[in-house]
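Structural features, examined
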Amino acid sequence: MELRQLTYAVAVAETGSFTRAAHRCFVVQSALSHQIARLESELGTLLFERTSRRVRVTAAGEAFLGPAREALAAVERARDEVAACGSQVRGRLSIGTITPLTAVDLPDLLATYRDRYPAVHVTLCARPVRDLLQQVRDHVFDLAFVDTRPGAPPAGLAGRVLAYEDLVAIVPHGHRLAGAAEVAPGRLAEEDMVDMPPGSGIRGHNDAAFAAAGATRTVAYEADTMALLEQLVGRGLGIGLVPAATAAGMPGVSAVAMTGVPPRTVRAVWLASAPSPAARAFLQLLRERTPEEPEEESAELRGEIPPEASAEIPPEIPPEIPPETSVEAPEEAGGPRGDRP
């Protein structure tokens, strides 16, 4: 079993096509197909079902992909750790995020990071929070910005709380609730609602809030962006429930304070195992740019963690990673993590 075979298998699974996988890995399709066939022969099972129209991952393939990604990530991390010993932070950094993200100035973070570490190739992708959490676990993303319910980070992940965001109702201008001092979930449930699709963090938070209040609501319209959600509410098609910071930038609707709805938690999450040098450098920058951590995680950051929980907390980021790096070209996209989105 060879590293390039693992790289090719992951590329096929993620692109759903031998042709697109070969293009991503900068090899001819016949060579990639040959290596996948050799790998399947060695394993004694098919990893992919091929038809004239599509490629589907088999059950054995699904079982293979997780360890394959971990092996590729370990190889790249070994290379990057050696480079970091020479004060060079390089390699790849893949970040996932929810949208909108108001807890941090992500464009500014990315620009500063690029200036400090020009040898790191950074990618950013927006996804629903459900996908982000799983893809961090699968090594698709090194870290992600997510919104979750209050409490500890999701299972298997370490996290840093960035903000607690209050939610407000948004209603059309002139709506009978527009002048209310505050409104409870039960009152909102009397009308049609507009929300983000299932799988998004805000939808999960809202569903849980109404369930806790014993209110059954009807989500008549689902919007995949906050801009569309604002437009639907503004035209009187329903009522929404969004973060207060987001509502402040929605001139087409009126915001009303909520009672009985807890704030949502916005945090950065990464694998509980130690992050790569590139990820550690980004987390250090994040800590420089964000306020002192809320009370929820202060014990964790002081190191006051029960022994049984210490295995889930990554080692502390080194106090300093020199911002000066030698400018090297990022690794070729066909390398171990080149096939990650």
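Per chain, the residues get numbers from 1 upward, laid out in the order the sequence is written. With pLDDT at 70 or above as the cut-off, local features in this predicted model cover only qualifying residues; side-chain atom pairs require 80 or more to be listed or tallied, and sums for whole chains, interfaces and linings still use all residues. Side-chain calculation: all heavy atoms of the structure are included, whereas hydrogens and water are not.

The subject of this paragraph is the side chain of D142. In DSSP terms, a helix is any run of H or I states spanning at least four residues, a strand is any run of E spanning at least two, and both are numbered starting from the N terminus. With respect to the helices, strands and loops of the structure, D142 is situated in the loop between α6 (129-137) and β5 (143-148). Classification of D142 by relative accessible area gives buried; the value is 13%. From its side chain, D142 meets the backbone nitrogen of S94 in a polar contact 2.7 Å long. Each residue is assigned to one of three classes by its accessible area relative to the maximum for its type, calculated with a 1.4 Å probe on protein chains only: buried under 20%, partly exposed between the two thresholds, exposed over 50%. Here a polar contact is recorded for every N or O atom pair within 3.5 Å, except that within protein the pair must consist of a potential hydrogen donor and a potential acceptor, and residues adjacent in sequence are included only if both atoms are side-chain atoms.

A word on unusual backbone geometry. Following T99, the chain continues into P100 via a peptide bond in cis, with omega recorded as -5 degrees. Positive phi values are uncommon outside glycine, yet F26 reaches one of about 60 degrees. In this structure, F26 sits in the loop between α2 (18-25) and α3 (29-43). With a phi angle near 70 degrees, H139 is a residue other than glycine that sits in the positive phi range. As for its placement among the helices and strands, H139 is situated in the loop between α6 and β5. What makes H139 buried here is its relative accessible area of 16%.

So, about the packing of aromatic side chains. Centre distance and the angle of the planes are the two values used to describe a pair of aromatic rings. Classification of ring pairs uses Phe, Tyr and Trp, with its six-membered ring standing for Trp, and accepts pairs whose centres are within 6.5 Å; under 30 degrees between planes counts as stacked, over 60 as edge-to-face, and the remaining range as tilted. With the rule as written, the count across this model stands at four aromatic pairs. Considering the side-chain rings of F18 and F48, the 6.1 Å spacing of their centres and the 75 degrees angle between planes classify their relative orientation as edge-to-face. Of this pair, F18 sits in helix α2 while F48 is found in strand β1 (residues 48-50), placing the two residues 30 residues apart along the sequence. In terms of burial, F18 and F48 fall into one category: buried. An angle of 55 degrees between the planes, with centres 5.0 Å apart, marks the rings of Y113 and Y117 as tilted. Residue class for Y117 comes out buried when judged on its relative accessible area of 1%. Taken together, Y113, Y117, F145 and F282 form an aromatic cluster joined through their ring pairs.

Scored between 0 and 100, pLDDT is the confidence that the predictor attaches to each residue. Of the residues in the chain, 82% have a pLDDT of 70 or more, and the chain-wide mean is 82. Note on contacts: a residue pair is in contact if any heavy atoms of the two residues lie within 4.5 Å. In the model, residues 295-341 has pLDDT below 50 throughout and makes 110 contacts with residues more than four positions away in sequence or in other chains.

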